[in-house]
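# Reading the structure
Residue-level listing of the chains:
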Amino acid sequence: MNARVKRLLAAGAVGLLAVPLAVSAQMPDDTTLVIAQSVDVGTLDPAIVGSRSEANIFGHVFGTLYQIADSGELVPYFANSYSISEDGMEWTFTLNEGLTCHDGEPLTASDVAYTFNRAADPANAFTGNTSGFVLPSARFVSAEAVDDLNVRIVTSTAQSENLRLGLLSEVYLHCEDYYSSLTLEEAALAPVGSGPYRFVEWVPDDYVLIEKVPDFTLREVNFERIYWRVIPEASTRTAELIAGNVDIIANVPPDQVDAVNNSGTAEVQAVQGTRRIYVGFQFGENFADSPGYDAIQNTDVRVALQYAVDVPTICSTLLGVECTRASSMVNPPNDNPNLTPYPYDPAMAEQLLDEAGWPRGENGVRFDITLMGPRGRYLNDEAVVQAIGQYLTDVGVNVTLDIRDWSSDYLPLVREKNVGPLFFLGTGGSTWSALYDMADLSAPDAGTNYTNWANEDWFALWNETQGVDPDTERTNVNIMLEVFYNDPPWLLLYFQPDFYGVSNRIEWSARRDEKIVVYSAALAE
Amino acid sequence: MSAYLVRRLLQSIIVIIGVTLLSFLVLHMAGDPTYLYVSERASNEEIAAARVALGFDRPLPEQYLNFMAGLLQGDLGTSLRSRQPAFDMVMSRLPATLELTIFAMVLAVSLAIPIGILSATKRGTPVDGGIMLFAMLGQSIPSFWLGLMLLLFVGLQLRLLPISGHVPVLEPLLQGNFNEAAANFPSAIRYLILPGITIAVFSLSRNARLIRSSMLEVLSQDYVQTARSKGLPSRVVIMRHAFRNALVPVVTILGLEFGFLLSGVVVVETVFSWPGVGRLVFNAITQRDIPVVQASVVTFSMMFILLNLFVDVLYVRLDPRIRLH
C-alpha cells in the first residue's frame, strides 16, 4: 500500500468519524423528548392496543373520557361529568365542548359511541385491551349518542362506580368519519388521534414520533415532540441513557442501577409498582394426586407458610430495592389498613405446621411439594422462585422446583389452571380501585382465579358489593380482604418494583402503575 | 444449464414445503398461541372468542393447507398482531438487514483474503501464529458479548460511534430517492460499523483460516513451483497462479456465509436496535405471529436457494472443468 493510498484511507476514516449524527434525528434537545422502551408497537389502531408500550404512546395521542391521575384519582378529561341510572346499568357522560380530532373533525357524542361500538363489534375480531378486557369487564352492551355532548353507555349489570369508570377510561376516543372510511388494514397504519400529541411517523422496530397539537387545551404539555425509540436490549438502553441520547428508559435491570446513578448524567427512579407477585396455592382437583396437595388444602398450613418466607430480604438482595411485604392482594392505599403483613418468623411457621398436623418426619421433611415458576416474565423471577423454594425447605417442606419458559410453556399452563400445587405468578394491579385488584377472584370459575379458590364468604361479598354506594363498598372490601388474609389462596409476596432511568436534564416522576405519562415532564431548572 | 436451473427451482418447492411445515408444527407445539393475544385477565369465554377470531380453533391440517393455498396465490397471510400483510412486513425490514449483512460480508471478505494469504505465505512465522490466534479468538467470542463490549467501549466510553440505531440507505435507494440515499450514506456507515464488525468477526476469522489452508495446498502444487522457477515475481505467482485456484472452496463457503450472516443477525440486531428482519422474526416467534414467521421462513428459504444456485453457477466461471448436471 503506497503512501497516497494510506493518506486517502486515513482521511476517509477521520471524515467518517467527523460526520455528525444529526441524520439520525432521534436526539434529545430543548423541545424534543426521547423515551426508550423495550418493545415496539404492533399496531396503530387504537382499538387493538394491547401492550403497555403501545398504551404509553396512545395515551398521549388519544383522549379518554376520564383519566387516571398519578395519585390514582379518576379525573375528568374529555368528559366533564357523568350520571348513572337508578339501576346502575346506564351511564351517561357529558363531553367538553369544542373537542376535535387531529384531522379537524369535531369529536362529538356520536364519535364516542362509535369508538365503543367499533371496539365491541365482533365483525372486527379485535383482540386488544379494549375489546378483550375493558368492555367485557365493564359488562358493556352498547353505546349511543343522546345529543352532541351526551353519550349513553349501556351495560348488563350494576357495578362498582370507580371500577367501571376506570375501565371505561381506558378506551381511546376517535372520530367516526375518518375511521369508518378505512379498512382495518389502513386503520392499523394511519391513526388520527384526539389527544395532546398527534402521530407523525412510525418506523417499525425503530421509533414512533409524535408532535404537540398546538390548540389542544385540556392538558398542558411541555415538549414539542416525543420520540418513542425501541431499544430491546437493556444494556443498550442504559448506555444510551448515560450517553445522553435518551431521556427516559423503562426496566433498568437492578444490576445496572449503580452504573446509571454514578454516571452523573442520569438517575434511576425505583417505584413500588402495582403488579402483585405471589405464590398461588392450587385447589383444583386435577392436582389431588400431587404430593403436598392435601397439606395446602389446610388453611392453617397456608397461614404457616406465610411466616416461612423472608420477603424483605428477597427484595433487597434479588430485586435491588427495599420493599414492604404485601398484606393483601390490593395495592396501597386501597388495601385494608388494619391488616399487617405476615412477618418472617420461621419458628412460628414450624410451630403452626406442627399444630396443623404436619410435623417433621424422621428425615426432617413435613411433606413434599412442587413449586412451578416462570423464566423471563417478572423481575428476576427464576432467582426469586429458587429463594422461595429454599425458604420453604428450611421449615421442612421439601420443595421441587419446576421452572419453565414463560410464553411457550408456563403461560398456557397458567391459563388452563394447570399449574401447581404451588405456582409463582404476578398480576397487574391499579392505583384507582380496590375491586379492580380483587377482580382476579370475581368468581370461583373466573378465568383469572388460577388457584380455583372457592371461599364462599368472599364470593358472596363480591356479588353483594357490585353497584353499592362507596361506603358500603369500602366496608365490604375490608371484610373480604380479612377473609383473604385468614384463608389465603396466595402466599403473599410483594408489589413488583419498577426501575426507570431518567436523564438529569429533565424533571419527571415515574408512576406506580407502569404507565409512562410525560405531560408534566420539563427541562430541569 | 437451463434444464439444471429449472430442476433446481422445482426442488426448491419441496424445500419450501418442508421448512414451512416444520416451522408451523414447532410454533403450534409450543402451546396454544391464543393466550398471547388476550388480556391477562381475559375470561374463558373471551379466550374462546379470540381463538375463533384468530383461526386457531380450526384443525391444524386445515390451518396449514389454508396457508399453502394462499402461498400458491402469492398471499402469505396477514399478521395477527399488526393486521398488515406479512410479506410486506418482511420486505419492509429486509433492506436494513441486507445493509448490515452486505457490510459485514464486505468487511469479512476484504480482510479475510489478505489476512489468509499473508498467513499462508508467512507460514510458521510469528505473524502466522498471531493471525491464527486471533482467528481462533474471533470464532470463539460470542457475538452478543462482543457487541456489548464494542457498544460500551467505542460508543459510550470513547464516543466515537453511535451506540444504537439505524440510518437507511438501501430503502431510499430502492424507492428511487437517490439524493436521500446519498445524504444518508456517511451517517449510515457510522451506524453500520459496530454491528457490522460484530457480525463480521466470526466470518472473517473462519474465512481467513480457510483461505490460509486453501492457499497452502495450492502453493505446494507443481505448477506454482514451475511459475516460481520461471522467475515470475512472488506477487504474480501468489495472486495469478495460486489465489485463483484457491478460490473454489472459498466461494463455496462464501455463498453459505452470506446465508449464515443473514440468519445470524438476530442477536446483533437486538443489541444495536437495528430494525431488520431478525428482530421481526424473533418478535413474531415470541408472540406466535405465525403468518409473519411463515413469510420470513419462505423469504429466507428462497434467498438461500437462490444464493446456492448463484454459487453453483459461479463455480463454472471460476473453473471451466466443472460441469453442472
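This write-up is about the structure you can find in this document. (Residues numbered from 1 in each chain as written. Chains lettered and ligands numbered in written order. Predicted model: local features only at pLDDT ≥ 70, side-chain atom pairs only at ≥ 80, totals over all residues. Heavy atoms only, no water.)

## Describing the interface of chain A and chain B
Contacts between the two partners involve 55 residues from chain A and, on the opposite side, 56 residues from chain B. Interface of chain A and chain B: buried area, both sides summed, is about 4,500 Å²; carbon and sulfur atoms make up 54% of it. Linking chain A to chain B there are 2 salt bridges. Its salt-bridge partner being Arg 279 of chain B, residue Asp 205 of chain A comes within 3.9 Å of it at the nearest N-O pair. At the junction of chain A and chain B, the tally comes to 6 residue pairs in polar contact (both at pLDDT 80 or more). Contributing elements (two or more residues each) for the side of chain A that touches chain B: helix H1 (3-18), helix H4 (129-137), helix H7 (184-187), strand E10 (225-230), helix H8 (234-242), strand E12 (266-281), helix H15 (406-415) and helix H16 (434-438) of chain A. Partitioning the side of chain A that touches chain B into residue classes produces 26 nonpolar, 15 polar and 14 charged. (Contact = heavy atoms within 4.5 Å. Buried area = accessible area lost by both parts, 1.4 Å probe. Salt bridge = Lys/Arg side-chain N within 4 Å of Asp/Glu carboxyl O. Polar contact = N/O pair within 3.5 Å; in protein donor to acceptor, adjacent residues only side chain to side chain. Helix = DSSP H or I, 4+ residues; strand = E, 2+ residues; numbered from the N terminus. Nonpolar A, V, L, I, M, F, W, Y, C, P; charged D, E, K, R; others polar.)

## As for helix H2 (residues 52-61) of chain A
Residues and elements named next belong to chain A. In terms of burial, H2 is a largely internal element, 8 of the 10 residues being buried. Residues Ser 53, Glu 54, Ala 55, Asn 56, Ile 57, Phe 58, His 60 and Val 61 constitute the buried set of H2. Along its buried surface, H2 packs onto strand E1 (32-37), strand E8 (197-203), strand E9 (207-212) and E10. (Buried < 20%, exposed > 50% of the residue type's maximum accessible area, 1.4 Å probe, protein only.)

## Some details on the environment of Arg 302 of chain A
Considering the arrangement of structural elements, one finds Arg 302 of chain A in helix H11 (residues 299-306). Every residue in contact with Arg 302 of chain A, bar those within four places of it in the chain, is listed here: Phe 281, Phe 283, Ile 296, Gln 297, Asp 487 and Pro 488 of chain A.

## Digging into unusual backbone geometry
A cis amide bond links Pro 332 of chain A to the next residue, Pro 333 of chain A, at an omega of 5 degrees. With respect to the helices and strands, the residue Pro 333 of chain A is situated in the loop between helix H12 (311-319) and helix H13 (346-355). With an omega of 0 degrees, the peptide bond between Gly 420 of chain A and Pro 421 of chain A qualifies as cis. Of note, Lys 417 of chain A is a non-glycine position whose phi angle comes to about 55 degrees, a positive value. One can find Lys 417 of chain A in the loop between H15 and strand E15 (422-427). With a phi close to 55 degrees, Arg 159 of chain B is a non-glycine residue in the positive phi region. Looking at the element boundaries, Arg 159 of chain B is found in the loop between helix H6 (143-157) and helix H7 (170-174). A relative accessible area of 48% means that Arg 159 of chain B is categorised as partly exposed.

## Notes on the state of the cysteines
All names here are of chain A. Considering all chains together, one arrives at 2 disulfides over all chains under this definition. Here Cys 315 connects covalently by a disulfide to Cys 323, the sulfurs 1.8 Å from one another. Linking Cys 315 and Cys 323, the disulfide has an S-S dihedral of approximately 75 degrees and is accordingly described as right-handed. For the pair Cys 315 and Cys 323, a shared accessibility class is recorded, and that class is buried. What connects to what in chain A, once the bonded cysteines are numbered by sequence position, is 1-2, 3-4. (Disulfide = S-S within 2.5 Å.)

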